[in-house]
Structures are given as structure tokens and as C-alpha cells.
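Next come the chains, spelled out residue by residue.
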Amino acid sequence: MADAPLYGFSDTSFQAAGGIEGIRQLVDDFYLEMGTLPEAKIIREMHKTDLTESRDKLTLFLCGWMGGPSIYREKYGNINIPRDHAHLAIGEAERDAWLLCMERAIAKQNYSVEFATYLLGQLRIPAERILSASKK
Ligand code: HEM
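These lines cover the structure that appears in this document, whether it is placed above or below. Predicted model, so just to flag it, every value in this text is computed and none were measured.

### Quick notes on the site of the ligand
Then, number 1: With respect to spatial proximity, 19 residues lie near the ligand, and among them K57, Y72, H85, H87 and W98 are the closest.
Then, number 2: In the environment of the ligand, an oxygen atom lies 3.0 Å from a nitrogen or oxygen atom belonging to the side chain of H87.
Then, number 3: More than half of the atoms of the ligand fall within 2 Å of the grid points belonging to the largest pocket.
Then, number 4: Among the elements that line the shell around the ligand, the one with the most residues is helix α8 (residues 113-133), at four residues.
Then, number 5: Broken down by class, the residue content of the shell around the ligand amounts to 14 nonpolar, three polar and two charged.

### Thoughts on the layout of surface pockets
Then, number 1: What the largest pocket holds in volume is close to 840 Å³.
Then, number 2: Along the walls of the largest pocket sit 28 residues, with Y31, H47, H85, L88 and W98 positioned nearest its centre.
Then, number 3: Within the residue set of the lining of the largest pocket, elements represented by two or more residues are α4 (52-65), α6 (81-85), α7 (92-108) and α8.
Then, number 4: In terms of residue class, the lining of the largest pocket is made up of 17 nonpolar, four polar and seven charged.
Then, number 5: Computed from the structure, the second largest pocket encloses a volume of approximately 220 Å³.
Then, number 6: In terms of lining residues, the second largest pocket is bounded by 17 residues, among which F61, W65, Y72, R73 and I79 are the most central.
Then, number 7: For the lining of the second largest pocket, the secondary structure elements donating two or more residues are α4, α5 (71-76), α6 and α8.
Then, number 8: It is α4 that provides the largest number of residues to the lining of the second largest pocket, a total of four residues.
Then, number 9: Grouping the constituent residues of the lining of the second largest pocket by class yields 10 nonpolar, five polar and two charged.

### A closer look at the coordination of the iron atom of the ligand
Reference values for angles at a metal are 109.5 degrees in the four-donor tetrahedral case and 90 or 180 degrees in the six-donor octahedral case.
Then, number 1: In this structure, the iron atom of the ligand receives exactly one donor atom from the protein: H85 (NE2), at 2.1 Å.
Then, number 2: Mapped onto the secondary structure, H85 falls in helix α6.

### Digging into unusual backbone geometry
Then, number 1: Of note, S10 is a non-glycine position whose phi angle comes to about 50°, a positive value.
Then, number 2: Looking at where S10 falls in the secondary structure, it is placed in the segment before α1 (12-16).
Then, number 3: We classify S10 as exposed; its relative accessible area is 59%.

### Thoughts on the packing of α7 against α8
Then, number 1: Axis separation between α7 and α8 bottoms out at 10 Å; the angle between their running directions is 160°. It follows from the interaxial angle that α7 and α8 lie roughly antiparallel. Crossing angle aside, the handedness with which α7 passes α8 is right-handed. Contacts between α7 and α8 pair E92, R95, W98, L99, M102, E103 and I106 from the former with A116, L119, L120, L123, R124, A127, E128 and L131 from the latter.

About the criteria used
- Residues numbered from 1 in each chain as written.
- Predicted model: local features only at pLDDT ≥ 70, side-chain atom pairs only at ≥ 80, totals over all residues.
- Heavy atoms only, no water.
- Near = heavy atom within 4 Å.
- Polar contact = N/O pair within 3.5 Å; in protein donor to acceptor, adjacent residues only side chain to side chain.
- 1 Å grid on protein atoms, 1.4 Å probe; cavity = no way out; pocket = protein on both sides within 12 Å on 5 of 7 lines; lining within 4 Å.
- Sits in = over half its atoms within 2 Å of the grid points.
- Helix = DSSP H or I, 4+ residues; strand = E, 2+ residues; numbered from the N terminus.
- Nonpolar A, V, L, I, M, F, W, Y, C, P; charged D, E, K, R; others polar.
- Points joined across faces, edges and corners; volume = space filled by probe spheres on them.
- Donors = N, O, S within 2.8 Å, 3.2 Å for Na, K, Ca; no water.
- Buried < 20%, exposed > 50% of the residue type's maximum accessible area, 1.4 Å probe, protein only.
- Axes fitted to C-alpha atoms, helices over the stretch in contact; angles between N-to-C directions.
- Parallel < 35°, antiparallel > 145°, perpendicular 65-115°, else oblique.
- Left-handed = near helix turned anticlockwise from the far one by under 90°.
- Contact = heavy atoms within 4.5 Å.

Structure, rendered in C-alpha cells:
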């Protein structure tokens, strides 16, 4: 079928991202960008100094979110992204900084242009929900 969606059903996104190892690499690069980009200083400061747990949590969350195994839930329990960010002051600058780090990290992966564009577009959805649920 010519217009069948390429991603977003079953585990197609998880596979396109290279499974758990691919997602781990994406998240490592994401936090490297967060530690380097001047625009991201505001959001790096919201995180703990040691990013080990943040890396693991985001990796495992994204696995399930992309249609792969639900390891986050097994290890850390239930998560609701807007609710679990509601204690943070996240406005447009923080949202843009987060998405910029993701955009840069995605660009470093060996993804097809189609998947890179799709993934960043999908990540905007929870990022917007966080913004509306935040105190800022
Ligand atoms: C909109 C901009 C965002 C900012 C500024 C932000 C910031 C943060 C911060 C500071 C933490 C650590 C919280 C703490 O230690 O209390 C965190 C945790 C987390 N974030 Fe975000 N985040 C954003 C967007 C997202 C999005 C879009 C996702 C998912 C696609 C996400 C997934 C997660 C996950 C899974 C955790 C770990 C939650 C936990 O188990 O405690 N974040 N985020």
C-alpha cells in the first residue's frame, strides 16, 4: 500500500531506532547535548548532577513508547509524563531546549531521514502536554 504508515504501529519505531541499544545511544547523545548546548543549561540544572538514573529511565521509557518491551513499568512502575513533570517549571524555553537536544541527538544516529523526522515530530506531542501541565 503506497500510503501505509512506516512507523507508529507495532514495534516498527523501536526497530527503526535500533532496539534498546540504539535507544540507549540516542539517550546518551541527548544528555551529552544537554551538557554542552548553552540553550540547554536551564534544563540541565533541573536534573541531578549524576545522570545515570535519568539516562536509564528515559531509555527504558522510550523503549515502551516506541512499541518495544515495557521495561520501564517493570523496573520503575507506572508513569504519566505530564503528571510526572508537573513539579517542574517548564515553559517554552525549557520545552524548546529539550527538543533541541533531541533534534541534535537524533541527527547523530544512523536513522533514515523519514524516521528522524517522524520521531522528532512524535516527541513534540508529550513535550507540548508537559508544557500545558506545568506550573510555569
Ligand atoms: C518539555 C521539556 C522537558 C523537560 C524540561 C524535562 C525535564 C525533566 C527532568 C528535570 C527530569 C528529572 C525529574 C526529577 O528528577 O525530578 C525528567 C525526567 C523524565 N523525563 Fe523529562 N523533560 C521534558 C520532556 C520529556 C519528554 C517529552 C519525555 C518523554 C518523551 C520525558 C521523559 C522523562 C522521563 C521518562 C523521566 C524520568 C521520570 C521518572 O521516572 O522520574 N521528558 N524530565
